[in-house]
Amino acid sequence: VQLVESGGGLVQAGGSLRLSCAASGRTFSRYGMGWFRQAPGKERDLVAFLSWTGGNTYYADSVKGRFTISRDSAKNAVYLQMNSLKPEDTAVYYCAAAYLAARPPRLNNGYDMWGQGTQVTVSS
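Considering the packing of aromatic side chains
Next, step 1: In this structure the tally under the stated criterion is 5 aromatic pairs.
Next, step 2: Between Phe28 and Tyr31, the ring centres sit 4.7 Å apart and the planes meet at 50°, which makes this aromatic pair tilted.
Next, step 3: Its relative accessible area of 3% is what places Phe28 among the buried residues.
Next, step 4: Linked through ring pairs, Phe28, Tyr31 and Tyr99 together constitute an aromatic cluster.

Right under this line is the structure:
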């Protein structure tokens, strides 16, 4: 069972990236999925969440209107579309899975699985 992120890279401010989180080993249709980010010296924070039913989403205030989380069940993958990127979006981005989560777990250890992370760097 593994989560693998991809799609990170270097982009200029105002640009876009789409991160992917692919799951192998099991289907993630019953998992709520979160995207987190962690900048150097800072805590790992939730930026977006999609409930296992797909009916509920959550976005951090700092990314509302710019980031969109989505799921492709046929591909067993979750995506984070990031538009209008800013230098302060620079961080390592992680995806995580929480079984039958209808809303974001209150604590990060409420997630059952984590990916290894992908670096996003936004230049000014």
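As for a nonpolar patch on the surface
Next, step 1: Together, Trp52, Tyr99 and Leu100 give the surface a local cluster of nonpolar side chains, amounting to about 290 Å² of exposed area.
Next, step 2: The residue Leu100 is located in the loop between β9 (91-99) and β10 (113-114) in this model.
Next, step 3: You can call Leu100 partly exposed: its relative accessible area is 38%.

Thresholds, definitions, all that
Residues numbered from 1 in each chain as written. Predicted model: local features only at pLDDT ≥ 70, side-chain atom pairs only at ≥ 80, totals over all residues. Heavy atoms only, no water. Phe/Tyr/Trp six-rings, centres within 6.5 Å; stacked < 30°, edge-to-face > 60°. Buried < 20%, exposed > 50% of the residue type's maximum accessible area, 1.4 Å probe, protein only. Patch = residues over 30% accessible without salt bridge, like charges linked within 9 Å, V, L, I, M, F, W, Y side chains within 5 Å. Areas by Shrake-Rupley, 256 points an atom, 1.4 Å probe, with all protein chains shown as cover. Salt bridge = Lys/Arg side-chain N within 4 Å of Asp/Glu carboxyl O. Helix = DSSP H or I, 4+ residues; strand = E, 2+ residues; numbered from the N terminus.

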